[in-house]
Amino acid sequence: MIRSMTGYGQSRAECDGLRVTVEARTVNHRHADVRLRLPAELSAREAALRRRVLERVRRGRVDVALNLEWTAPRSPEVVINHALVETLARTAGELRDRLALGGELDLATVLGLPGVLELREVPATWGDDEQRVLDEALDVALGALDDERRREGEVLRKDLVRRLANLERLARDMATRAAALPPEIRTRLIEKLEALAVNVELDPARVAQEATFLAERADVTEELVRLEGHLDRARAMLDEPDGDPVGKRLEFLLQEIHRETNTVNSKSSDLELSRLALELKAEAEKVREQILNLE
């Protein structure tokens, strides 16, 4: 089962007092690149969340946004700045004694002074229920993401199977044409020699030797055998069961297919064989463009 590198998944889960929302999307990338957008409450769990994502996505850039919404009301915590109150009381007493002033600081006045009281949000308690809801939301979002990547991957697989069939057909045509070349090379050699050496008797053994030499120089049997092997391996990868990503391995095979096709084209002076090689290269380039979308 092959996967595309692009997809999207989202989910929501909740328990008493907490709602977790997760969005995950992937785009093409040469490696696995996970980018997390987390609230402050989850910063300590970033490494564990990253590992959880990488268990499902092996290649591609992954953007995951997690949002926590605390639905239960929480009363803020009131914090008194005791140091400030003590400083204010001591300063007021010093002024009263030094300047012989009357009056006392009362509680209402002190509490109304800036900086004496601070309202702090009570940190949420993170327990097993909250962790379960977080894991559930993330798993569902990643599952939806994986389903979409599988669906698109199946579409790509069908297209690649069709294109590989075209490559195999062209490779067979190249092999057929290459097998027919040695007799044609001998015939063309004799015609050229007869045109250049009119009324000169040709040595059949010498002609046969030169024809064999030219045929060996133009022989592309090894390249065509390797080309066939690469195409067989590519087809087998498309039919592999769910497992490791195939994108990079197929990219490498396409490089080898290009290499063998270029060698055939450079060794052959036959126009028909060169035409088939160029047609195969053009079709292989279309395959390469599709492979760049695979995990």
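No experiment lies behind these values; they were computed from the predicted model shown.

J.: Before we move on, could you go through the packing of helix 4 (residues 128–179) against helix 7 (residues 221–238) and cite the residues and values that matter?
T.: Running from N to C, helix 4 and helix 7 point in directions that differ by 165 degrees, and their axes come no closer than 10 Å. What the angle tells us is that helix 4 and helix 7 run roughly antiparallel. Where helix 4 crosses over helix 7, the handedness of that crossing is left-handed. Judged by residue contacts, Arg157, Leu160, Val161, Leu164, Ala165, Leu167, Glu168, Ala171, Met174, Ala175 and Ala178 of helix 4 engage Leu224, Leu227, Leu231, Asp232, Ala234, Arg235 and Leu238 from helix 7. Taken together, the residues that form the contact of helix 4 with helix 7 break down as 14 nonpolar, no polar and four charged.

J.: So what's going on with the nonpolar core? Which residues, and what values?
T.: Counting 31 residues, the largest nonpolar core has Met174, Leu250 and Leu280 as its most contacted members. Elements represented by at least two residues in this core include exactly helix 4, helix 7, helix 8 (247–267) and helix 9 (271–291). Of the residues forming this core, the biggest block, eight residues, is contributed by helix 4. Ranked by size, the runner-up nonpolar core spans 24 residues in total, among them Cys15, Val34, Val53 and Leu138.

J.: Help me get a handle on the sheet that holds strand 3 (residues 32–37), residues and values and all.
T.: Taken in spatial order, the four strands make up an open sheet running 1-2-4-3, and their pairing is mixed. Lying at the two open borders of the sheet, with one neighbouring strand each, are strand 1 (7–15) and strand 3. Averaged over all pairs of adjacent strands, the angle between their axes in this sheet comes to 15 degrees, without regard to strand direction. Sheet topology places strand 3 next to strand 4 (residues 60–70); six bridges connect them, and they run parallel. Directly across from Ala32, in strand 4, lies its bridge partner Gly60.

J.: Explain helix 8 residue by residue, including any values.
T.: Across its 21 residues, helix 8 extends 31 Å between first and last C-alpha, which sits within 8% of the 30 Å expected from 1.5 Å per residue. Those residues of helix 8 lying buried are Gly247, Leu250, Glu251, Leu253, Leu254, Glu256, Ile257, His258, Glu260, Thr261 and Val264.

J.: So what's going on with the pairing of strand 1? Residues and values would help.
T.: Residues Gly7, Gly9, Ser11, Ala13 and Cys15 line the buried face of strand 1, whereas the alternating positions Tyr8, Gln10, Arg12 and Glu14 sit on a face that is not buried. Linking strand 1 back to strand 2 (residues 18–27) in an antiparallel pair, the connection comprises two residues, with Gly17 at a positive phi of about 90 degrees.

J.: I'd like a rundown of the packing of helix 7 against helix 8, residues and numbers included.
T.: Remark: helix 7 packs on helix 8, axes separated minimally by 9 Å, with the N-to-C direction vectors making an angle of 160 degrees. Taken as axis vectors, helix 7 and helix 8 run roughly antiparallel relative to one another. Note that helix 7 runs across helix 8; the crossing there is left-handed. In this structure, helix 7 contributes Glu223, Leu224, Arg226, Leu227, His230, Leu231, Arg233, Ala234, Met237 and Leu238 to the contact, and helix 8 contributes Arg249, Leu250, Leu253, Glu256, Ile257, Glu260, Thr261, Thr263, Val264 and Lys267. For the contact of helix 7 with helix 8, the per-class residue count stands at ten nonpolar, three polar and seven charged.

J.: For the pattern of salt bridges, give the residues involved together with the corresponding values.
T.: What the rule picks out here adds up to 31 salt bridges. Between Arg50 and Glu46 there is a salt bridge, and its shortest N-O distance comes to 3.0 Å. Here the residue Arg50 and the residue Glu46 both occupy positions in helix 1 (residues 46–54), the gap between them amounting to four residues, near one helical turn. The exposure class assigned to Arg50 is partly exposed, which follows from its relative accessible area of 27%. Arg275 serves as the salt-bridge partner of Glu279, at 3.1 Å between the closest nitrogen and oxygen. Here the residue Glu279 and the residue Arg275 both occupy positions in helix 9, the gap between them amounting to four residues, near one helical turn. By relative accessible area, Glu279 is classed as partly exposed at 32%. For Arg275, a relative accessible area of 41% puts it in the partly exposed group.

What counts and how
Residues numbered from 1 in each chain as written. Predicted model: local features only at pLDDT ≥ 70, side-chain atom pairs only at ≥ 80, totals over all residues. Heavy atoms only, no water. Axes fitted to C-alpha atoms, helices over the stretch in contact; angles between N-to-C directions. Helix = DSSP H or I, 4+ residues; strand = E, 2+ residues; numbered from the N terminus. Parallel < 35°, antiparallel > 145°, perpendicular 65-115°, else oblique. Left-handed = near helix turned anticlockwise from the far one by under 90°. Contact = heavy atoms within 4.5 Å. Nonpolar A, V, L, I, M, F, W, Y, C, P; charged D, E, K, R; others polar. Core = buried A, V, L, I, M, F, W, Y, C linked by side-chain atoms within 4.5 Å. Buried < 20%, exposed > 50% of the residue type's maximum accessible area, 1.4 Å probe, protein only. Pairing = 2+ DSSP bridges. Expected span 1.5 Å × (residues − 1). Salt bridge = Lys/Arg side-chain N within 4 Å of Asp/Glu carboxyl O.

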